[in-house]
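Working through the structure, step by step
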Amino acid sequence: RYRIVEPIVYHLKNYGVNVWYDRYSLVMGDNRVKKNLLDGACKCEYATVILSSYTADSVCAMEELKLIEERYRKGEITVFPVLYEMHPSKLPQQLGWVKELIFKEVNKQSGTYEICNHIACKITNF
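Residues numbered from 1 in each chain as written. Predicted model: local features only at pLDDT ≥ 70, side-chain atom pairs only at ≥ 80, totals over all residues. Heavy atoms only, no water.

1. Regarding the packing of aromatic side chains
The condition is simple: By convention, a stacked pair of Phe, Tyr or Trp rings (six-membered ring in the case of Trp) has centres within 6.5 Å and planes under 30 degrees apart, an edge-to-face pair has planes over 60 apart, and any other such pair is tilted. Numbering of helices and strands starts at the N terminus; helices are DSSP runs of H or I of at least 4 residues and strands are runs of E of at least 2. Partly exposed describes any residue whose relative accessible area lies between the buried limit of under 20% and the exposed limit of over 50%, with all areas from a 1.4 Å probe on protein chains only and scaled to the type maximum.
By the definition in use, this model includes 3 aromatic pairs. Where Tyr 15 meets Tyr 113, the ring centres are 6.4 Å apart and the plane angle is 20°; that geometry is what we call stacked. Residue Tyr 15 is found in the loop between helix H1 (5–14) and helix H2 (22–25), and its partner Tyr 113 is found in helix H5 (residues 113–124); the two are separated by 98 residues along the sequence. For the ring pair Tyr 46 and Phe 80, a centre distance of 6.1 Å and an interplane angle of 20° mean the geometry is stacked. Of the two residues, Tyr 46 sits in strand E1 (residues 46–51) while Phe 80 sits in strand E2 (residues 78–84), which places them 34 residues apart along the sequence. Judged by its relative accessible area of 30%, Tyr 46 falls in the partly exposed class. Residue Phe 80 is classed as buried on the basis of its relative accessible area of 13%.

2. What about the nonpolar core?
Where we set the bar: By convention a nonpolar core is built from buried Ala, Val, Leu, Ile, Met, Phe, Trp, Tyr and Cys residues, the set being connected through side-chain atoms within 4.5 Å.
The biggest cluster of nonpolar side chains holds 17 residues, and the ones touching the most others in it are Leu 51, Ile 68, Val 79, Leu 91, Leu 95 and Trp 97. Elements with a contribution of two residues or more to this core: E1, helix H4 (59–73) and E2. Per element, the largest residue contribution to this core is 4 residues, and it comes from H4. Leu 12, Val 17, Val 106 and Ile 115 belong to the second-largest nonpolar core, a separate cluster that totals 11 residues.

3. With respect to the pairing of E1
The cut-off we apply is this: Note on pairing: DSSP must find at least two bridges between two strands before they are called paired. Look down the strands so they point away from you; if going from the first strand over the helix to the second traces a clockwise path, that crossover is right-handed.
Because side chains alternate across E1, one face comprises the buried residues Ala 47, Val 49 and Leu 51, and the other comprises Tyr 46, Thr 48 and Ile 50, none of which is buried. In the sheet, E1 pairs with E2 via 6 bridges, with the strands oriented parallel. Across the sheet, the residue bridging to Val 49 is Pro 81, located in E2. After leaving E1, the chain enters H4 and then returns to the sheet as E2, a path that is right-handed.

4. Considerations on the sheet that holds E2
For the record, the criterion: Think of each axis as a best-fit line through the C-alpha atoms, taken over the contacting stretch in the case of a helix, with angles from 0 to 180 degrees between the N-to-C directions. Any two residues whose heavy atoms approach within 4.5 Å at even a single point are treated as in contact.
Read across the open sheet, the 3 strands follow the order E1-E2-E3; overall the sheet is parallel. Lying at the two open borders of the sheet, with one neighbouring strand each, are E1 and strand E3 (104–106). Ignoring strand direction, the axes of neighbouring strands in this sheet form an average angle of 25°. In this structure, E2 lies alongside E3, joined through 3 bridges in parallel fashion. Among the inter-strand pairings, Leu 83 is bridged to a residue of E3, identified as Glu 105. Those strands touched by H5 are E1, E2 and E3, and its axis lies near 175° from that of E2.

See below:
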């Protein structure tokens, strides 16, 4: 989270992109489904999803990704997948749809600025 997610959020905000980030938007006691899925994943036009070998083990992450996939299939959302220390061949079967998209692989030594350049260009149509 600190090495990849927060720098991406930081850079995108610097580009003027309105970012919904669960860590900044959720507090203990919130209704997870309403706040995370309905306020986050259902209302956005773009989603940057960071996937790692731990993603499939997270019930919350998988619920959110299922909703994002459904919206992607309907053409309602543009998805920017980032694979963190993971080769695409290691994606779990339920996340195989991500391989249809152009994605970026990053690791602990990679920077996030380049990813944000691509995302900002797509969003702002540069």
